[in-house]
Amino acid sequence: MHDDRSLVESRLKRVLEERIRPALYPESVPLEVTVWTAPGEPVPVAEGLAAPRTPIAVGDAWGAPWSTSWITVAGTVPEAWAGRTVEALIDLGFDANMPGFQCEGLVYRPDGSPVKGLNPQNQWVRIAAPAAGGEQVLLHVEAAANPVILDYHPFLPTELGDKDTAGDRPQYKLARMDLAVFDETVWQLVMDLEVLGELMEELPVDGARRWDVLRAVERSLDAIDLQDVNGTAAAAREQLAGVLASPAVPSAHRISAVGHAHIDSAWLWPLRETVRKVARTTANMTALLEDEPDFVYTMSQAQQYAWIKEHRPEVYARVKKAVAEGRFVPAGGMWVESDTNMPGSEAMARQFVHGKRFFLEEFGVENQEAWLPDTFGFTGGLPQIIRNAGSKWLLTQKISWSQVNKFPHHTFLWEGIDGTRIFTHFPPVDTYNCSMKGKEIAHAARNFKDKGVARHSIAPTGWGDGGGGTTREMIAKAARLRDLEGSATVRWERPAEFFEKAEAEYPNPPVWVGELYLELHRATLTSQAKTKQGNRRSENLLREAELWCATAALRTGLAYPYEELDRIWKTVLLHQFHDILPGSSIAWVHREAEATYAALGEELEALIERAQQALAGDRAGGHELVFNGAPHTRSAAPAGGAAPASAAPADGCAVTARAGGGFVLENGLLSVTVDGEGLVVSAVDLATGRETVAPGERANLLQLHPDFPNMWDAWDVDQFYRNSVTDLTGVDALTVSLAAPDAVAVRVARSFGSSTVVQTLTLRAGARRLDIDTEVDWHETEKFLKAAFPLDVHTERYAAETQFGHLYRPTHTNTSWEAAKFEACNHRFVHLDEPGWGVALVTASTYGHDVTRTVRAADGGTTTTVRFSLLRAPRFPDPQTDQGLHRFRHALVPGAGIADAVREGYLISLPERRVTGTADAVRPLVELDEDALVVSAVKLADDGSGDVVVRVYEANGGRARGRLTTSFPLAGAVPCDLLERPWDGTRGSVTVSGDGVELALRPFELVTLRLTAATG
């Protein structure tokens, strides 16, 4: 037989596109269209419905950026259409290739009840099936003119990302506005031909199945009268029935499809628009669930459910009904799909506390899976947090985006820093926006790396990022792929059903140990510094507010602010979403975030001040008390308690001039030499005589790199940025001050480009660390600012703090896996050591860093350089990223062990507070006699019982025993999960003994204790 394959395939494409699809709506009449544009921000539905309208026509422009127009369509079903299926076609000016990234609409009935959302892949509204002739049609569309930020030429700077700079030029033109007859048979034919055509393209050319399908398609096309598609569609379908009925082979890959719309809680749109995106999508999905009995839809992010509950109660009622039926599945059990690299220990825990509790209280649903398809890498502390939250599975997809190394598994056990293992799945379909195309299904089957031992994978199906969800076309395709020869099989299943099957079939999966590092989007650890500082400050203030409010409640009877803390925590958790905290959202998002963090800061400071004053007593006639919110004792103030202010340490500070310029600072513990250019050329640990700075090098060296990645400007830094560097050594002013005997400080001012920087290097009495305060007035573009510390340390690995512990990364680049980690995350410290001696670098608010090593030609020694990443200046999606004034605090700690690094990291983040009062002291609610055991939270139980909840973890990476004692009569102590429920998952030993609890914890083990005070 002659090879006519290409001829038939080309014929299929043209006939489908030019004849069959246009026949979906064989008859139509125009709708009358009127409009009212809200003068500012979106208005309530009742106001939008009642506002006066003016006529508008197809082809007319509408919609200034971020504006809302209320569009009304009206018409009458022709008498001739009686008994047929009628739909309204409402095209706001969509680009079919951009669902979720442009204008959208939510359709309402005249009574204000929502019908469904409109987007480029969902422009229809069912009027009736069958319709009645003469039926009146009246619909209102709340149309959002969201501008296109990420266009066909991506990453171009644009002022459209903030309503204050976006202008008022209309963004869209109304397109089709019709009532039309919908031909179900033609639509089914389109689905048949799409599925078979896409299947053909994935089958081997020399396989019989491809040719069977080809001939069936050819017969179908022959059966179509191109001048009467509607009259011959049924006959064309008959020719395809045989190949569509041929079942899949027994060994076919099995895909669990789940409806999905990964909706970014903010990204290229502000938070307020996400509220409406969620309403549009869930309105669509609940309607689709009613029409499609096999369909299952899942949505994560408790925050998004809370938004619907507050803003669209009618839609929320439909959601609750579908959840109760098991068709609409809350997934993930987190408040938002957060970043996991940067949130602190408690914040990461609270993501699950607030998310799971919302789903339990609202729906009675206990999630077993963490659902994070789009998060930019996963910290090694996360498995233990997931397990402590009562969950056991994880789904993500983003690791497939890694640029260098292909991850070796799709289903595996992920082992965290403490040894906890979580059953984890990466969908081999390599997208969280699967649309049921043949190439996606075939890719999932071919790509699946666990063939031979497993055969199940999951496919989150629906338009996402900007929302939209699953379409009726996707469901139709899935129905044909349920059992189709040549394809993987597809079933709609809940995530838990998938995980149960996958876990059962794969009892001994491979193990991946440590962090799941994404070899992409590394610059999100630095972009939008003020957002990151707002997050860190909020976390610290929440720790203090809970600690002091709990202490005041037990000691003085002061009312504990349950509602305030709950609301503030949820706001902070929202802003840890994986496009807010990482700095990859539009300017509007980060402008609002800065204002929100400032407001939360004021509120938390007021809560702390109220509690501390209640504890300190009357100001009149009082003395100064030092409150210490850190988990370590300092300045005579115990961890979590307060003591009278003490005198300055006996050994003071001294400063002498350095020959050749600069100064030598000493405090009996350290000798620090600053040269005439304000750089640290020596930092000697006087107890050992050990030099910290590498020979011939200078520390605290600010370095400037060009920063123009190949794509994803706010997200990425590409390795070639290191090829060019400018050392900022010019000095505008260099001065020294001595506030004897407490501290000595060197102030150095520099200027570069359009920016200035002032650094203050301070050595304090009694401190074995050099504090470095940096103030940058930053006005550079596409530049990367780092602070370098070349250390005289020979080590193959270094420690970086993460949630409830630290992890180790290599300093070398032996393999491509190690070389790819050229920018990484730390929380409060980075620590390097040789046997017997080490050095820590601690930070109050930065996350990104890099570590490199070289061997010196002069003496053969090793220089290991740590560089903190301070600022960037990408122009997309926010063209003004990081412009303006910034303040940072770091410290160099010579002679530090890992325990010192932990301690100094907390101390730099939680400064002392001084309050005047009459109390002799404030004893901590709880105390630990072992420094390796660190208290991460002290609070009252969320249920209002008055129980004290204490979270403790082993911080040094070894086994530790200690006794936790209480300053209140202890009636009992129960180990709990993160949701404060009794839990037997603790692997270490927890024993109540008298007025305390004996703890024996494994490396990095986390334990939550619920302590009940004795009464009477």
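Reference entry: report on the structure contained in this document. (Residues numbered from 1 in each chain as written. Predicted model: local features only at pLDDT ≥ 70, side-chain atom pairs only at ≥ 80, totals over all residues. Heavy atoms only, no water.)

**Looking at the overall build of the protein chain**
Alright, step 1. Across its full length, the protein chain holds 19 helices and 53 strands.
Alright, step 2. For the protein chain, the C-alpha radius of gyration of 31 Å lies close to 31 Å, the compact-globule estimate for 1016 residues.
Alright, step 3. Within the protein chain, buried positions represent 62% of all 1016 residues.
Alright, step 4. Of the contacts made within the protein chain by residues no fewer than 6 positions apart, 75% connect residues no fewer than 24 positions apart. (Helix = DSSP H or I, 4+ residues; strand = E, 2+ residues; numbered from the N terminus. Rg over C-alpha atoms; globule rule 2.2 N^0.38 Å. Buried < 20%, exposed > 50% of the residue type's maximum accessible area, 1.4 Å probe, protein only. Contact = heavy atoms within 4.5 Å.)

**Side note on the sheet that holds strand β3 (residues 54–55)**
Alright, step 1. Spatially, β3-β2-β5-β10-β7-β8 is the arrangement adopted by the six strands of the open sheet, whose pairing is antiparallel. At either margin of the open sheet sits one strand with a lone partner, and together these are β3 and β8 (114–118).
Alright, step 2. Pairing between strand β5 (residues 68–76) and strand β10 (residues 136–144): nine bridges, direction antiparallel. Residue pairing in the sheet places S69 in a bridge with A143 of β10. (Pairing = 2+ DSSP bridges.)

**So, the pattern of salt bridges**
Alright, step 1. Applying the stated rule across the entire model yields 82 salt bridges.
Alright, step 2. A salt bridge links R446 to E202, with the nearest nitrogen and oxygen atoms 3.0 Å apart. Of this pair, R446 sits in helix α12 (residues 438–447) while E202 sits in helix α3 (residues 184–202), and the two are 244 residues apart along the sequence.
Alright, step 3. By relative accessible area, E202 is classed as partly exposed at 24%.
Alright, step 4. Here K321 ties to E325 by a salt bridge, and the two come within 2.7 Å at their closest N and O atoms.
Alright, step 5. Three or more residues are tied together by salt bridges with common partners; here these are E41, E104, E142, K163, R272, E273, R276, K277, R280 and R312. (Salt bridge = Lys/Arg side-chain N within 4 Å of Asp/Glu carboxyl O.)

**Notes on the nonpolar core**
Alright, step 1. Within the largest apolar cluster, 243 residues are counted, with the highest numbers of intra-cluster contacts made by I20, L92 and L1011.
Alright, step 2. Looking at which element gives the most residues to this core, the answer is α3, with ten residues.
Alright, step 3. Beyond its immediate chain neighbours, meaning those up to four positions away, L92 contacts W62, I71, C103, E104, G105, A143, Y172, K173, L174, A175 and M177.
Alright, step 4. Among the nonpolar cores identified, the runner-up in size contains 48 residues, and L761, A765, A787 and V866 belong to it. (Core = buried A, V, L, I, M, F, W, Y, C linked by side-chain atoms within 4.5 Å.)

**Structural notes on helix α9 (residues 313–324)**
An α-helical turn contains 3.6 residues, so any two residues separated by three or four positions project in the same direction.
Alright, step 1. In a regular helix each residue adds 1.5 Å, so twelve residues correspond to 16 Å; α9 covers 16 Å between its end C-alpha atoms and thus fits that length.
Alright, step 2. Turning to α9, its buried residues number three or more, namely V315, Y316, V319, A322 and V323. End-on, the buried residues of α9 take up no more than an arc of 120 degrees, which puts them together on one face. What points out from α9, more than 90 degrees from its buried face, is the exposed set K321 and A324.
Alright, step 3. Lining the buried residues of α9 we find β8, α7 (271–291), α8 (302–311), β15 (328–330) and α10 (345–363).
Alright, step 4. Phi turns positive, to about 80 degrees, at G326, one or two residues after α9. (Expected span 1.5 Å × (residues − 1). Arc of directions from axis to C-beta.)

**Remarks on the sheet that holds strand β22 (residues 511–513)**
Alright, step 1. A sheet is described by the order of its strands in space; here five strands give the open sequence β16-β17-β19-β18-β22, paired in mixed fashion. Of all the strands in the sheet, just β16 (369–371) and β22 have a single pairing partner and so form its edges. Across the sheet, the mean angle from the axis of one strand to that of its neighbour is 30 degrees, orientation sign disregarded.
Alright, step 2. Pairing between β16 and strand β17 (residues 393–395): three bridges, direction parallel. By the bridge assignment, W371 is partnered in β17 with L395. (Axes fitted to C-alpha atoms, helices over the stretch in contact; angles between N-to-C directions.)

**Some points on the packing of aromatic side chains**
Alright, step 1. One pass over the full model with this rule turns up 40 aromatic pairs.
Alright, step 2. Ring centres of F412 and F426 lie 5.1 Å apart, and the angle between their planes is 80 degrees; on these two criteria the pair is classed as edge-to-face. In this pair, F412 is assigned in strand β18 (residues 411–415) and F426 in the loop between β19 (421–425) and α12, connecting sequence segments 14 residues apart.
Alright, step 3. Exposure remark for F412: the relative accessible area of 0% places this residue in the buried category.
Alright, step 4. An aromatic cluster is built from F295, Y297, Y305, Y316, F328, W335, F358, F359, F363 and W492, whose rings are joined through pairwise contacts. (Phe/Tyr/Trp six-rings, centres within 6.5 Å; stacked < 30°, edge-to-face > 60°.)

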